[in-house]
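What follows is the residue order along each chain.
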Amino acid sequence: MELFPLIEKSGIQDIKKFQEEKLHELLRYLEAHSPFYQKLFRENNIQISDVHTLEDLQKIPTTSKNDIQQNNDDFFCVSQTQIVDYSTTSGTLGDPVTFGLSENDMERIAYNEAISLACAGIQKGDVVQMITTIDKRFIAGLAYLLGLRKMGASVIRMGPGIPELQWDSIFRYKPKYLITVPSFLLKMIDYAEKNGIDYKNSSVIGAVCIGESIKNQDFSDNILSQKIKEKWDIKLFSTYASTEMSTAFTECEFQIGGHQHPELIITEILDEEENPVKEGESGELTITTLGVEALPLLRFKTGDLVKAHYEPCECGRNTMRLGPVVGRKQQMIKYKGTTLYPPAMNDILNDFDGILCYQIVIQSNEIGLDEIIIKLSTEREDESFEGEVRDHFRAKLRVSPKIEIVDFDVLSKTVFNPNSRKPITFLDLR
C-alpha cells in the first residue's frame, strides 16, 4: 500500500480537478441513497448537474450537527444490516449522535489512519503504544488500531490512565511512538520522576497527540508542548479529526499543520455569512466527506474555527494544511467586552507548575452575562497563588475570572471522569 499517495504530491490544479470528480460521484450517491439530502436538494431546487466545481458548493446549504441529531436515521445511506460498527459523538441538543460504519467505511478509516500516521513518521515494523480508549463507541481508538494494523506496525493496546502500567509496558515492549492526550504525558513524567524511572532513556522517540492543542497559531510550541519537551526530549505531532469527518489531519516531520487527504475530504473555511474567508483568515471548518458509504456528509459545519495554509510543504505534499484550532464556535465567551476561547485560557493555566488539575466553568449570571469560574487543585499552600493566577489572566487576556481552589480528590473526579474519553477541562453551563 502506498503510504504517500501520489495525489498529495500533485499540483494544486490537479488536486482540485481530482476533488471535483470525487464531488460529482458523491452528489450522485447522495441523490440516490440519502433521504436527508434528497429532501434538501428537492426543497432548495438544487440540480446536482449544476454543481461542477468546488466553488459551486456554495449553491448547496450547509449541514450542522443539529440536522444530524434531529434527522439521524435519514442520514444513513445503507440498511442496518450493512452496518458493522456503531460509534457516537456528543450532540449539541443533549442526546449523542449515532454514526454507523459499513465494511467499506472500516477499510476507508484504516487507510486514512495509515497514511495519516505515516505523515508523522510511523513506519511498518514500528511498535506503537495506544494510550487511548477503543471502547465506549469511540471511533478514534478503533481508527488508530485499524490504521496501524494496515500499515504493518505493532500495537500495544494500553488504553488511557495508570502511569505505572504505561511505563511497565514501555520498558517491556519498547514502543517507538505513543498515541495519547498530551497532558497525560506530564502525568507520566511526574510519576517517573517520583518513582526513579529512567524515562529519558526509554525507547520512545515521539508521540501523536490527540484531543488537545500543542501548537500556537504560528506553529511554535504552546505552553503544554514546551512543558513536556523541557522534561522529555521527544517529538510531538499534532493531529485533528472528528467522528463526523472519518478523516484525520496529521502533521508531517516539518510540523506546520495537519495535511489534508484529497481522496477523503473536501474542506471549506467559512465566515459568519458562510462565505469563504480570505487566505490567511480563520473561519469555521466545513467539510464534505469522500468515499464514505454509510453516513456521508455534504458541507457539514464542524463548529471549529481554524486557519488553512496553502503553500507547498517541504515534505513534498502540496495539500492544504490546517493550523491549530482557534476555538469552537459554540464555546466562544463574551466576557466584559472581550471575546475568549478555551484554548487561550488552557495555555495560561498550563503555564503554572503548581496546578495539579483545573476546570474552566462558564455560566450565565443573574443578568444574563457570561461568567468565568476557574476551579483549581494545587500543591502550593501560599496565599498568593490565587492572586498570581488572576494577575496572569489580566496580563495575558485582559480579564479577571473568579478563582476557586478545590481539593484534588474532588476536582479530579470531575475532570477525569471515567465515562469521558478525554479530560473535561471546559464546562459550559450557559
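Structure's up top.
Source: prediction; values computed, not measured. (Residues numbered from 1 in each chain as written. Predicted model: local features only at pLDDT ≥ 70, side-chain atom pairs only at ≥ 80, totals over all residues. Heavy atoms only, no water.)

Asks: Would you explain the pairing of strand 6 (residues 206-209) in this entry?
Replies: Along any regular strand, the residues point their side chains to alternate faces of the sheet. Where burial is concerned, the two faces of strand 6 agree: the one with Gly-206 and Val-208 and the one with Ala-207 and Cys-209 are both buried. Here four bridges tie strand 5 (residues 177-180) to strand 6, and the two strands are oriented parallel to one another. Following the sheet pairing, Tyr-177 is matched in strand 6 by Gly-206. The β-α-β motif built from strand 5, the intervening helix 7 (residues 182-194) and the parallel element strand 6 has right-handed crossover chirality. Relative to strand 7 (residues 235-242), strand 6 runs parallel, the two being bridged by four bridges. Looking at strand 7, one finds that Cys-209 is bridged to Ser-238. With helix 8 (residues 223-231) bridging strand 6 and the parallel strand 7, this β-α-β connection has right-handed handedness. (Buried < 20%, exposed > 50% of the residue type's maximum accessible area, 1.4 Å probe, protein only. Helix = DSSP H or I, 4+ residues; strand = E, 2+ residues; numbered from the N terminus. Pairing = 2+ DSSP bridges. Right-handed = clockwise from strand over helix to strand, strands pointing away.)

Asks: Sorry, what's going on with the environment of Arg-380 here?
Replies: Within the secondary structure, Arg-380 is located in the loop between strand 18 (370-378) and helix 10 (385-397). Spatially, the C-alpha atoms of Arg-380 and His-52 are 62 Å apart, while their sequence positions differ by 328 residues. Excluding residues within four positions of it along the chain, Arg-380 makes contact with Gly-354, Phe-385 and Glu-388. At 2.7 Å, the side chain of Arg-380 and the side chain of Asp-382 are in polar contact. Among the polar contacts made by the side chain of Arg-380, one reaches the side chain of Glu-388 at a distance of 3.0 Å. (Contact = heavy atoms within 4.5 Å. Polar contact = N/O pair within 3.5 Å; in protein donor to acceptor, adjacent residues only side chain to side chain.)

Asks: Would you explain empty space enclosed by the protein in this entry?
Replies: One water molecule sets the probe size; rolling that probe over the atoms shows where empty space is left. Summed over the entire model, instances satisfying the criterion amount to one cavity of 30 Å³ or more. When its volume is computed, the largest cavity comes out at roughly 100 Å³. Looking at the lining of the largest cavity, the elements with two or more residues in it are strand 2 (94-102) and helix 4 (103-119). Class assignment of the residues belonging to the lining of the largest cavity gives a composition of six nonpolar, three polar and three charged. (1 Å grid on protein atoms, 1.4 Å probe; cavity = no way out; pocket = protein on both sides within 12 Å on 5 of 7 lines; lining within 4 Å. Points joined across faces, edges and corners; volume = space filled by probe spheres on them. Nonpolar A, V, L, I, M, F, W, Y, C, P; charged D, E, K, R; others polar.)

Asks: What is the right way to read the layout of surface pockets from this model?
Replies: Estimated volume of the second largest pocket: approximately 750 Å³. Grouping the constituent residues of the lining of the second largest pocket by class yields 12 nonpolar, eight polar and six charged.

Asks: Where do I start with the packing of aromatic side chains in this structure?
Replies: The geometry of an aromatic ring pair comes down to the distance between the two centres and the angle between the two planes. One pass over the full model with this rule turns up 10 aromatic pairs. Ring centres 5.4 Å apart and planes at 45° place the aromatic pair Trp-167 and Trp-232 in the tilted group. Placement of the pair is Trp-167 in helix 6 (residues 163-173) and Trp-232 in the loop between helix 8 and strand 7, with a sequence separation of 65 residues. Of the two residues, Trp-167 and Trp-232, both sit in the buried class. Chaining the aromatic ring pairs together yields one cluster made of Phe-36, Tyr-37, Phe-41 and Phe-75. Taking NZ or CZ as reference, Arg-317 lies 4.0 Å from the ring centre of Phe-4, over its face. (Phe/Tyr/Trp six-rings, centres within 6.5 Å; stacked < 30°, edge-to-face > 60°. Lys NZ or Arg CZ within 6 Å of the ring centre and 35° of its normal.)

Asks: Before we go on, may I ask you to explain the nonpolar core in this structure?
Replies: Nonpolar side chains tend to gather and get buried jointly when the protein is soluble and globular. With 41 residues, the main nonpolar core has Leu-23, Tyr-37, Phe-41, Ile-60 and Leu-298 as its most contacted residues. Breaking this core down by element, the ones donating at least two residues are helix 1 (12-33), helix 2 (35-43), strand 2, strand 10 (265-270), strand 11 (282-289) and strand 12 (300-309). Not counting chain neighbours up to four residues away, the residues in contact with Tyr-37 comprise Leu-30, Thr-63, Phe-75, Pro-296, Leu-297 and Leu-298. Among the nonpolar cores identified, the runner-up in size contains 23 residues, and Met-130, Tyr-144, Val-181 and Val-208 belong to it. (Core = buried A, V, L, I, M, F, W, Y, C linked by side-chain atoms within 4.5 Å.)

Asks: So what exactly am I meant to see when it comes to the sheet that holds strand 18 here?
Replies: Pairing between sheet strands relies on hydrogen bonds along the backbone, with the strands arranged either parallel or antiparallel. Taken in spatial order, the four strands make up an open sheet running 19-18-17-20, and their pairing is mixed. Strands at the two margins of the open sheet, each flanked by one partner only, are strand 19 (402-405) and strand 20 (426-428). Neighbour to neighbour, the strand axes of the sheet diverge by 20° on average, direction disregarded. Where strand 18 lies against strand 19, four bridges are found, and the strand directions are parallel. Directly across from Ile-374, in strand 19, lies its bridge partner Ile-403. (Axes fitted to C-alpha atoms, helices over the stretch in contact; angles between N-to-C directions.)

Asks: I would appreciate a short explanation of the pattern of salt bridges in the present structure.
Replies: Between side chains of opposite charge, a pair can form when the charged atoms approach closely. Within this structure, the stated rule accounts for 22 salt bridges. Note that Asp-56 is salt-bridged to Lys-59, the shortest N-O span being 3.7 Å. On the accessibility criterion, Asp-56 (14% relative accessible area) is buried. What makes Lys-59 partly exposed here is its relative accessible area of 48%. Residues participating in the shared-partner salt-bridge network are Lys-16, Glu-20 and Glu-55. (Salt bridge = Lys/Arg side-chain N within 4 Å of Asp/Glu carboxyl O.)

Asks: Sorry if this is basic, but what is going on with helix 8 here?
Replies: All of the buried residues in helix 8 are Leu-224, Ser-225, Lys-227 and Ile-228. Each buried residue of helix 8 lies within a common arc of 165° when the element is viewed along its axis, so the set occupies one face. In this structure, the buried residues of helix 8 make contact with helix 7, strand 7 and helix 9 (342-350). Between the side-chain oxygen of the N-cap and the backbone nitrogen of Leu-224 there are 3.2 Å, and the N-cap of helix 8 in question is Asn-222. (Arc of directions from axis to C-beta.)

Asks: For this particular structure, what's the right way to read the packing of helix 9 against helix 10?
Replies: Describing two packed helices takes the angle between their axes plus the distance from one axis to the other. Running from N to C, helix 9 and helix 10 point in directions that differ by 135°, and their axes come no closer than 10 Å. Between helix 9 and helix 10, the interaxial angle falls into the category oblique. Our pair here, helix 9 against helix 10, has a crossing hand that is right-handed. In this structure, helix 9 uses Ala-344, Met-345, Ile-348 and Leu-349 to contact helix 10, whose residues at the interface are Val-389, His-392, Phe-393, Lys-396 and Leu-397. The residue inventory of the contact of helix 9 with helix 10, partitioned by class, reads seven nonpolar, one polar and one charged. (Parallel < 35°, antiparallel > 145°, perpendicular 65-115°, else oblique. Left-handed = near helix turned anticlockwise from the far one by under 90°.)

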